[in-house]
Amino acid sequence: MSMLEEFREETRDWLKTNCPDGAKGPGYIPIGSKSVELDSDVKLWLERMVEKGWTVPTWPKEFGGANLNNDEYRVLIEELKRINARPPLTGRGVNYIGPTILELGTEDQKARWLTVCARGEGAWAMGYSEPGAGSDLASLSTRAERRGDQYLLNGRKTWTSDAAYCDYIFVLARTAPEKPKHDGISLILVDMHQEGVEVSPITLLSGASPFCETIFEDAIASARDIVGGVDKGWTAGKRLLQFERSTHAGINISGSQGGLTQESDLPELVRKYVGTDSGKIADFGMRERLLRYEMNTKSQQITQKRAIEELHARAPAFTSSAVKLTNALNIQEGDEILMDAMGPSGYRWNDESGATKDEVAALKRWLYQKSLTIAGGTKEVQLNIIAKRVLGLPD
Ligand SMILES: Cc1cc2nc3c(=O)[nH]c(=O)nc-3n(C[C@H](O)[C@H](O)[C@H](O)COP(=O)(O)OP(=O)(O)OC[C@H]3O[C@@H](n4cnc5c(N)ncnc54)[C@H](O)[C@@H]3O)c2cc1C
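1. Regarding the overall build of the chain
Link 1 in the chain: Across its full length, the chain holds 11 helices and eight strands.
Link 2 in the chain: For 395 residues, the compact-globule formula gives about 21 Å, and the C-alpha radius of gyration of the chain, at 22 Å, lands near that figure.
Link 3 in the chain: Counting only C-alpha atoms, the chain reaches 75 × 50 × 50 Å along its principal axes.
Link 4 in the chain: Classification of the 395 residues of the chain by burial places 40% in the buried group.
Link 5 in the chain: Excluding contacts between residues fewer than 6 apart, the proportion of contacts in the chain whose partners are at least 24 apart in sequence is 71%.

The structure is reproduced here in structure tokens:
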């Protein structure tokens, strides 16, 4: 038996005895916020996976990982998927800021922050976008001024997802306003539990919203917590964006969810609405669209697998833009197909109108997933990156 086969057997045995039933099924487990009470099975699952180093399987053992290589990582993910286990931990700690610190942080930052991320001790928000700086992120105006061994932050960040439940935030702020706009920016880690940080949820059409506005008024950060060097935040911040895009694309192997794309029940649902008794679809146009969607989904999964196998870092660089974009477009096309198949039944907001659970969920998913071509960099921004950095077209 090869070493990899042995690893698979050990992993399978361990998961069989250690993954509680309450940690199985679709969806994700909460992001590790100190203010979110985990239910007992989920808590146990997180504790056990932390002990194995499998919340961040590819990280070095000294920082809470298990030092798995890419083949072992793939096996772990396959085995998690086989028993329908949810990733024990997800979020911006293990997926975005953790791997950025691993690549670009100081030894002091690695020692202080990485095990915090690996153990899910606190959730992280992302403080990049501002009312006047989205795609043109380098125009940001939040300031961080040095005061002794600290920085004072002042400014306004918008669209900070989940900030109301987060404990920490990584912020892009201007540390040298006199320098050209890409040069005077730093990436700073900030504790959100302090007076100078104010979070207000932004309510969207759906009534509930994960979005917040986060305002800094003389918020304090330690000068030890600038990642990637003072005034060098543009480079560190862009690398973090690649981790974000790779997570959206399913090819970030920093946490334990890279490649753990859940199987979609969409084709089955579509057939329920427009299929005949035998399950076949009479309408040629609908049949062709669904077939194309299924083929694209398969190609996407194969591409994710290949990208992970070829990885030399914990996430690829510019490839992440292409895989993120094709993933988002395919998911959105799936939503459109389902809504068309459901017809008027798909446009009912709640079950009071007689809609089924699937119909209400489909409508909300269709609306929410329109954001997939905005969040983490818009479709046009990804196309610009692919044109310039992948295809080498002129600027
Ligand atoms: C679900 C979701 C979650 C988010 N979470 C966070 C978060 O946690 N933290 C955070 O900091 N931000 C977050 N964002 C914000 C997100 O990063 C921005 O919305 C995004 O970068 C676009 O910025 P903008 O909204 O200001 O739009 P703009 O940049 O104003 O863009 C408006 C339109 O102009 C187009 N455009 C802009 N520039 C160009 C160009 N050069 N070439 C071609 N077209 C262009 C865009 O593609 C878009 O269609 C989130 C957004 C969403 C939707």
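Following the structure, the description resumes.
2. Some remarks on the nonpolar core
Link 1 in the chain: Core analysis: the largest hydrophobic core is formed by 72 residues, its most contacted members being Leu153, Ile169, Ile188 and Val190.
Link 2 in the chain: If near-sequence neighbours (up to four positions away) are discounted, Leu153 is found in contact with Thr142, Ala144, Val171, Ala173, Val190, Phe216, Ala219 and Ala221.
Link 3 in the chain: Judged by nonpolar contacts, the second largest core, of 11 residues, contains Val270, Leu290, Ile337 and Met342.

3. Quick word on unusual backbone geometry
Link 1 in the chain: The residue Trp159 is not glycine, and still its phi comes out positive at about 60°.
Link 2 in the chain: Among the structural elements, Trp159 can be located in the loop between strand E3 (150-157) and strand E4 (168-174).
Link 3 in the chain: Here Trp159 falls in the buried class, since 21 other C-beta atoms lie within 10 Å of it.
Link 4 in the chain: With a phi angle near 65°, Asp162 is a residue other than glycine that sits in the positive phi range.
Link 5 in the chain: For Asp162, a count of 21 C-beta atoms within 10 Å corresponds to the buried category.

4. So, the domain arrangement of the chain
Link 1 in the chain: For the chain, the assigned domains are domain 1 (3-103), domain 2 (123-232) and domain 3 (263-390).
Link 2 in the chain: Class assignment of the residues belonging to the side of domain 1 that touches domain 3 gives a composition of one nonpolar, two polar and one charged.

5. A short note on the environment of Ala85
Link 1 in the chain: With respect to the helices, strands and loops of the structure, Ala85 is situated in the loop between helix H3 (70-82) and helix H4 (92-104).
Link 2 in the chain: Considered as a pair, Ala85 and Gly25 are 60 residues apart in the sequence and their alpha carbons are 6.3 Å apart.
Link 3 in the chain: With near-sequence residues (within four places) excluded, Ala85 lies in contact with Leu15, Cys19, Ala23, Lys24 and Leu80.

6. Remarks on the site of the ligand
Link 1 in the chain: Taken together, 17 residues are adjacent to the ligand, and Tyr128, Gly134, Ser135, Thr378 and Glu380 come closest.
Link 2 in the chain: For the shell around the ligand, the secondary structure elements donating two or more residues are strand E1 (124-127) and helix H11 (379-390).
Link 3 in the chain: Considering every element that reaches the shell around the ligand, the biggest residue donor is H11, with three residues.
Link 4 in the chain: Both domains that meet at the shell around the ligand, namely domain 2 (123-232) and domain 3 (263-390), each give it at least three residues.

The rules behind these values
Residues numbered from 1 in each chain as written. Predicted model: local features only at pLDDT ≥ 70, side-chain atom pairs only at ≥ 80, totals over all residues. Helix = DSSP H or I, 4+ residues; strand = E, 2+ residues; numbered from the N terminus. Rg over C-alpha atoms; globule rule 2.2 N^0.38 Å. Buried ≥ 20, exposed ≤ 12 C-beta atoms within 10 Å, placed from the backbone. Contact = placed C-beta atoms within 7 Å. Core = buried A, V, L, I, M, F, W, Y, C linked by C-beta atoms within 7 Å. Domains from an automatic or database assignment. Nonpolar A, V, L, I, M, F, W, Y, C, P; charged D, E, K, R; others polar. Near = placed C-beta within 6 Å.

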